[in-house]
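Here is how the chains run, residue by residue.
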Amino acid sequence: MHQGLQYLRRERETCSCTSCFESSTLDDQMKVVLRSVLLLPKQPFLRSVTVSILGSSPVHTPQFPRSSGSTSSILGSKLKFSEIEQTQLGSLSSSKNDIFLRLQTSIQPSGLSPRDIYRTNLPLRLKASREGVGLVQETKETTPKLINKPDDSFSEMRNRFLSFKKHKYLENLECYKELAEAQAPKFLVISCADSRVCPSYILGFQPGEAFVVRNVANLVPPFENGPCETNAALEFSVNDLQVQNILVTGHSCCGGIRALMSMDDEEKSSSFIKNWVKVGKTAKSTTKAIASNLSFDHQCKHCEKESINNSLLNLLTYPWVEERVAKGLLSLHGGYYDFVECTYEKWTLDYQNSQKQETGGYAIKNREFWS
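The shown structure was predicted, so the numbers you read here are calculated from the model rather than taken from an experiment.

A few words now on the nonpolar core. By size, the foremost hydrophobic cluster in this structure holds 26 residues, and its most contacted members are Leu234, Ile246, Leu315, Val321 and Leu332. When contributions to this core are tallied by element, the ones reaching two or more residues are β9 (187-192), β10 (210-215), α7 (229-240), β11 (245-251), α11 (296-315), α12 (319-326), β12 (331-338) and β13 (343-349). Not counting the four nearest positions on each side in its chain, Leu315 is found in contact with Val220, Leu234, Ile246, Val248, Val321 and Leu332. One finds Leu247, Ile257, Cys300 and Tyr337 within the second-largest nonpolar core, a separate group that totals 18 residues.

Take a look at the structure:
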């Protein structure tokens, strides 16, 4: 420490900084800074100490002789320093009467493995002036949070997976080996992304039975709207997998349909949701024309089913879909799951009779109600 004081004393003798000449001696300032170290939490040792004396002079970076494990005494108290790395002189304030001293330490507790080591920065800002030297409180300690255990939700997920592996996968190993080679589902299911209406869970699809695409409000955009993830899945499942059935399944209390029914027809929005659900604007118009005397909730329920039929008609705008439907190789179905009452409605689009309807009209057949 005495070597550091002697170095700073020499620096002051050659420094042209007005603040340095007008302030108290650097000896006193250094003693105050080092005395402040006593305020730090007790640790086995200090890894490093960086002292900055900030005035109005240009930055100087002198190099102190490094000491290893030396012990210095401040007002009768002993501090053990691993090393004093550097002292910087720089400018922080335009005031000529003030000099700011900043002490920043990096503390490393002993006895810990490298993985457990954390570092804590404790900045102490000292203000030295002609009237005296005082401590401007700027002490802050930040201890990183260590995550020692996984999220409970993932623990439960892990248990479910292991149960699936034991009771499903390993007990049907031959089936899963065949699925690893190829898939040949009979269904393409277009379902809502709502977390309450997983089609495989509700309808009992097993692995390999259904190619599933989920989106907000289970909508199918028309061919002219251009590419999106829904019609990409449609193209792959029809042309490559050659599914025999397409099931568009909706559900009660659909937030996407409610958003559709709530928005202004002429509204222009940057919302992704609104720009997506307007795919079903035809279903909304039909609902408003037929069920305008009903409550808003009942109108939404009507639109939930109407939008399914609108999506079935939109499927026919895709050339490869209509071709296979016309040849009897592909059937289009609608489904509606009421999770409040736990009922399910299923119907099939009558392609031949739908062709005889006016534009926008359709015919259905094979309607069933499961309860």
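A few words on the pattern of salt bridges. Note that side chains of opposite charge can pair when their charged atoms are close. If you walk through the whole model with that rule in mind, you get eight salt bridges. Salt-bridge contacts for Lys305 lead to Glu345; the nearest nitrogen and oxygen are separated by 2.7 Å. Note that Lys305 is positioned in helix α11 and Glu345 in strand β13, a separation of 40 residues in sequence. Of the residues examined, Glu345 reaches a relative accessible area of 11% and is grouped as buried. Several salt bridges share partner residues, and in doing so they unite Lys305, Glu345 and Arg367 into one network.

A sheet is described by the order of its strands in space; here six strands give the open sequence β10-β9-β11-β12-β13-β14, paired in mixed fashion. Strands with a single pairing partner mark the edges of an open sheet, and in this sheet they are β10 and β14 (364-370). Within the sheet, the average angular offset between the axes of one strand and its neighbour, ignoring direction, is 20 degrees. Alignment of β9 against β10, held across six bridges, turns out to be parallel. What sits directly across from Phe187, in β10, is Ala210.

Attention now goes to the environment of Ala291. Looking at the secondary structure, you find Ala291 in the loop between α10 (281-290) and α11. Those residues within four positions of Ala291 in sequence are excluded, and the remaining contacts are Gln299 and His302.

Below, the discussion takes up the packing of helix α8 (residues 255-262) against α11. Interhelical geometry of α8 versus α11 gives an angle of 115 degrees and a closest axis separation of 9 Å. By the criterion of interaxial angle, the relationship of α8 to α11 is roughly perpendicular. At the point where α8 passes α11, the crossing takes the right-handed sense. When α8 is examined against α11, the residues Ile257, Arg258, Leu260, Met261 and Ser262 are found in contact with a partner set consisting of Phe296, Asp297, Gln299, Cys300, Cys303, Glu304 and Ser307. Tallied by class, the residues present in the contact of α8 with α11 amount to six nonpolar, three polar and three charged.

A few words on a nonpolar patch on the surface. A surface patch of nonpolar side chains, amounting to about 460 Å² of accessible area, comprises Phe161, Leu162, Phe164, Tyr169 and Leu170. Looking at the element boundaries, Leu170 is found in the loop between α4 (152-169) and α5 (173-181). Looking at Leu170, the relative accessible area reads 48%, which means it is partly exposed.

Let us now look at α11. Within an α-helix, residues lying three or four positions from one another point in the same direction, as the helix has 3.6 residues per turn. Look at α11: 28 Å from first C-alpha to last across 20 residues, which is about the 28 Å you get at 1.5 Å a residue. Within α11, 14 of the 20 residues are buried, which leaves it mostly tucked inside the rest of the structure.

Cut-offs applied
- Each chain has its residues counted from 1, running along the sequence as written.
- Residues qualify for local features only when their pLDDT is at least 70, as the model is predicted, and side-chain atom pairs are given and counted only at 80 or more; totals for whole chains, interfaces and linings, by contrast, use all residues.
- Side-chain numbers here rest on the full set of heavy atoms in the structure, without hydrogens or water.
- For this analysis, a nonpolar core means a set of buried residues of the types Ala, Val, Leu, Ile, Met, Phe, Trp, Tyr and Cys, connected via side-chain atoms within 4.5 Å.
- For every residue, the accessible area (1.4 Å probe, protein chains only) is compared with the maximum for its type, and the residue is labelled buried under 20%, exposed over 50%, or partly exposed between those bounds.
- Helix numbers and strand numbers start at the N terminus; a helix is a DSSP run of H or I with at least 4 residues, a strand a run of E with at least 2.
- Contacts between residues were defined by any pair of non-hydrogen atoms, one from each residue, lying within 4.5 Å.
- Basic side-chain nitrogens of Lys or Arg form a salt bridge, by our definition, when they fall within 4 Å of a carboxyl oxygen of Asp or Glu.
- Pairing between strands requires that DSSP locate at least two bridges from one strand to the other.
- Where helices are involved, their axes are fitted lines through C-alpha atoms of the stretch in contact, as for all axes, and angles between N-to-C directions lie from 0 to 180°.
- Orientation categories follow fixed angle ranges, with anything under 35 degrees roughly parallel, anything over 145 roughly antiparallel, 65 to 115 roughly perpendicular, and all other angles oblique.
- Put simply, a crossing is left-handed when the front helix is turned counterclockwise from the back one by less than a right angle, and right-handed when it is turned clockwise.
- As a working rule, the residues Ala, Val, Leu, Ile, Met, Phe, Trp, Tyr, Cys and Pro are called nonpolar, Asp, Glu, Lys and Arg charged, and the rest polar, with Gly in that last group.
- Patches were defined on residues exceeding 30% relative accessible area and lacking a salt bridge, with like-charge contacts within 9 Å and nonpolar side-chain contacts (Val, Leu, Ile, Met, Phe, Trp, Tyr) within 5 Å.
- Using a 1.4 Å probe, accessible areas were evaluated by the Shrake-Rupley method; residue-level cover was limited to the displayed protein chains.
- Take the number of residues in a helix, subtract one, and multiply by 1.5 Å to get its expected span.

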